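Residue-level listing of the chains:
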Amino acid sequence: MTTTMGKIKILFNWQLAKTLAMGQGLALLICGTAISSQYLASDYHVNTPMLQSLLNYALLCITYTPMLFFRTGEGNMLRILKRRGWKYLLMGLVDVEANYTVVKAYQYTTLTSIQLLDCFIIPVLMVLSWWVLKTRYRPVHYVAVVVCLLGVGAMVGADLLAGRDQGSTSNILLGDGLVLVSATLYAVSNVCQEYTVKNLSRVEFLGMLGLFGTVFSTIQMVILERHELPKIQWSWQIGLLFGGYGTCMYALYSCMPVVVKLTSATSVNLSLLTADLFSLFCGLFLFHYSFSPLYLIALVVILFGFITFNAVPLPTSTPSPPSPPSPITEDDGCYDNHAINLNEDVIDKQDVVSTIVVPTEEGQGEGDQDTRSKMDTRTCVPDRGYGSFSHVLCSTKM
């Protein structure tokens, strides 16, 4: 009995509680974006998803992109653009289109289809993590994912019983296809995010995503929403809803890399499955939705699956970044091991000095040779030690 309780305490620890709380915090932020979008669409007839996305990317660009210009070395903006700028350009395009296609799908298919097919992101993420990040899942992780998906099934069943199968049926095949495309694009974006924040830095990821996201969303807004923008009857209520949406999305994008670095992209997306339930609970009061006990069962099942997934650590072997000389901190963009490099420089100088042959007078014998040998030994041991410590720092960034 004592052994069993000890194992339970090891699995369900403070780290797991923090992961659960942070994941549900992200789900609440998505709930905030859903509520503000619902008000804009239903009460004020505003249908400008690219304008809403532009607010988020512009805030990211204003906040994080300037930090990259003040960095030195490999973390500087010009170096990043030269070495891997095209990768961030593609990542920004993928993220913008993922946001757009899922919103577009609501015009062609039902809410039920979107909720079910949006879960396609989970298996795609697991495959991409296995291939790109070298993540090796254990059987318990697959069981936990199935449990979470069963919770989503219960939520969709509750929607059908409550008569909430909203949306259009004008072209269900096209709408369902758009949802699958969106889920795949989100999975690609999230895997890129996990790789970047674990190997490079959170600031670099958000700065470059904000930069290219702003460019692509502006172009797409001008092309697709040029007729919708003049129709907006601006008021303080609409401005407040736009501000609320942009703030929630900005907080979501800013905080999500922190949780991804702590856990994984798959784990974060499992936690986000509860976002629809939080939106529903708010809708009970704001939009007078009908309630079903199945919603509570779905919430418990999804949370149980999420806790089970995170209770067992993931054995990962994430590939190291292409060629940065040292890992970059996520806050100030400086290299973590300046002090280590400084000490290594000092050690190297000691090694050079220790190899200089000093003329000795006759009569000085084995005692001086022993002294020089000991000095060489002392300079070599710290060199190996710092090298190992530097490797450990790089490994922890994985």
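Residues numbered from 1 in each chain as written. Predicted model: local features only at pLDDT ≥ 70, side-chain atom pairs only at ≥ 80, totals over all residues. Heavy atoms only, no water.

Peer 1: Give a detailed account of the overall build of the chain, specifying residues and quantitative values.
Peer 2: Within the chain, the secondary structure is distributed over 15 helices and zero strands. By the burial criterion, 44% of the 398 residues in the chain qualify as buried. Sequence-distant contacts in the chain: of pairs separated by 6 or more residues, those separated by 24 or more amount to 88%. (Helix = DSSP H or I, 4+ residues; strand = E, 2+ residues; numbered from the N terminus. Buried < 20%, exposed > 50% of the residue type's maximum accessible area, 1.4 Å probe, protein only. Contact = heavy atoms within 4.5 Å.)

Peer 1: Break down the nonpolar core for me, citing the residues and quoting the values.
Peer 2: Of all hydrophobic cores here, the largest spans 81 residues; its most connected members are Leu26, Leu270 and Leu277. Looking at this core element by element, the count peaks at 10 residues for helix α10 (residues 236-262). What Leu277 contacts, discounting residues up to four positions off in sequence, is Met155, Tyr295, Ala298, Leu299 and Ile302. (Core = buried A, V, L, I, M, F, W, Y, C linked by side-chain atoms within 4.5 Å.)

Peer 1: Go over the confidence of the model for the chain with me, naming the residues and quoting the values.
Peer 2: Averaged over every residue, the pLDDT of the chain is 78; residues scoring 70 or more account for 74%. Low pLDDT, under 50, characterises residues 325-398; the stretch is placed with 64 contacts to residues that sit more than four places away or in other chains. (pLDDT = per-residue confidence, 0-100.)

Peer 1: Talk me through the packing of aromatic side chains; I want residue IDs and the actual numbers.
Peer 2: Here the structure, examined in full by the defined rule, presents five aromatic pairs. Ring plane angle 50 degrees and centroid distance 6.3 Å describe the contact between Tyr137 and Phe309, whose orientation is recorded as tilted. Highlighted residues: Tyr137 in the loop between α6 (121-132) and α7 (139-161) and Phe309 in helix α13 (residues 293-311), separated in sequence by 172 residues. The same class applies to Tyr137 as to Phe309, namely buried. Taken together, the aromatic side chains of Tyr137, Tyr142 and Phe309 make up a single cluster linked through ring pairs. (Phe/Tyr/Trp six-rings, centres within 6.5 Å; stacked < 30°, edge-to-face > 60°.)

Peer 1: Can you explain the pattern of salt bridges? Please cite residues and give values.
Peer 2: Scanning the model with the defined rule gives four salt bridges in all. A salt bridge links Arg79 to Glu74, with the shortest nitrogen-to-oxygen separation between them at 2.9 Å. Overall, Arg79 belongs to the partly exposed group, its relative accessible area being 40%. A salt bridge links Lys198 to Glu194; the shortest N-O distance between them is 3.1 Å. You can see Lys198 and its partner Glu194 sitting in helix α8 (residues 172-199), four residues apart, about one turn around the helix. Via salt bridges that share partners, Glu74, Arg79 and Arg83 belong to a single interconnected network. (Salt bridge = Lys/Arg side-chain N within 4 Å of Asp/Glu carboxyl O.)

Peer 1: A description of the environment of Thr101 should follow, citing residues and the corresponding values.
Peer 2: Among the secondary structure elements, Thr101 is positioned in helix α4 (residues 77-105). For Thr101, a relative accessible area of 10% translates into the label buried. Taking the C-alpha atoms as reference points, Thr101 and Ala183, 82 residues apart in sequence, are found 9.2 Å from one another. The residues contacting Thr101, other than those within four sequence positions of it, are Leu178 and Ser182.

Peer 1: Give me the packing of α4 against helix α9 (residues 202-224): which residues, what numbers.
Peer 2: α9 packs onto α4 with a crossing angle of 50 degrees between their chain directions and a minimal axis gap of 7 Å. On the basis of the axis angle, α4 is oblique to α9. Our pair here, α4 against α9, has a crossing hand that is right-handed. Partitioning the contact of α4 with α9 into residue classes produces 16 nonpolar, five polar and four charged. (Axes fitted to C-alpha atoms, helices over the stretch in contact; angles between N-to-C directions. Parallel < 35°, antiparallel > 145°, perpendicular 65-115°, else oblique. Left-handed = near helix turned anticlockwise from the far one by under 90°. Nonpolar A, V, L, I, M, F, W, Y, C, P; charged D, E, K, R; others polar.)

Peer 1: Report on the environment of His45, specifying residues and quantitative values.
Peer 2: Within the secondary structure, His45 sits in the loop between α2 (14-42) and α3 (49-69). Between the alpha carbons of His45 and Gln233 there is a distance of 9.4 Å; along the sequence they are 188 residues apart.

Peer 1: Report on α13, specifying residues and quantitative values.
Peer 2: Owing to its 3.6 residues per turn, the α-helix brings residues three or four apart onto one side. The terminal C-alpha atoms of α13 lie 27 Å apart, and with 19 residues this matches the ideal 27 Å at 1.5 Å per residue to within 8%. Taken together, the buried positions of α13 are occupied by Tyr295, Ala298, Leu299, Ile302, Gly305, Phe306, Phe309, Asn310 and Ala311. (Expected span 1.5 Å × (residues − 1).)

Peer 1: Could you give me a rundown of a nonpolar patch on the surface, with the residues and numbers involved?
Peer 2: A cluster of nonpolar residues, Val215, Ile219, Val222, Ile223 and Leu224, forms a patch on the protein surface that exposes about 420 Å² of accessible area. Note that Val222 resides in helix α9. On the accessibility criterion, Val222 (49% relative accessible area) is partly exposed. (Patch = residues over 30% accessible without salt bridge, like charges linked within 9 Å, V, L, I, M, F, W, Y side chains within 5 Å. Areas by Shrake-Rupley, 256 points an atom, 1.4 Å probe, with all protein chains shown as cover.)

Peer 1: Describe in detail unusual backbone geometry, supporting the description with residues and values.
Peer 2: Positive phi is not limited to glycine here, since His45 has a value of about 55 degrees. Among the residues examined, His45 registers a relative accessible area of 67% and is labelled exposed. Even without being a glycine, Lys134 presents a positive backbone phi close to 60 degrees. With respect to the element layout, Lys134 can be found in the loop between α6 and α7.

Peer 1: Describe the side chain of Ser264, listing the residues and the values that go with them.
Peer 2: If you trace the backbone, Ser264 turns up in the loop between α10 and α11 (265-271). Separated by 3.2 Å, the side chain of Ser264 and the backbone nitrogen of Ser267 make a polar contact. Excluding its chain neighbours within four sequence positions, the residues that come into contact with Ser264 are Glu194, Lys198, Val259, Phe309 and Leu314. (Polar contact = N/O pair within 3.5 Å; in protein donor to acceptor, adjacent residues only side chain to side chain.)

Peer 1: Give me the lowdown on the environment of Asn99, citing residues and values where you can.
Peer 2: By the element assignment, Asn99 lies in helix α4. Under the relative-accessibility criterion, Asn99 is labelled buried at 11%. Sequence separation between Asn99 and Tyr186 is 87 residues; the distance between their C-alpha atoms is 8.1 Å. Once you skip the residues sitting within four places of it in the chain, Asn99 turns out to touch Ser53, Tyr57, Tyr186 and Tyr253.

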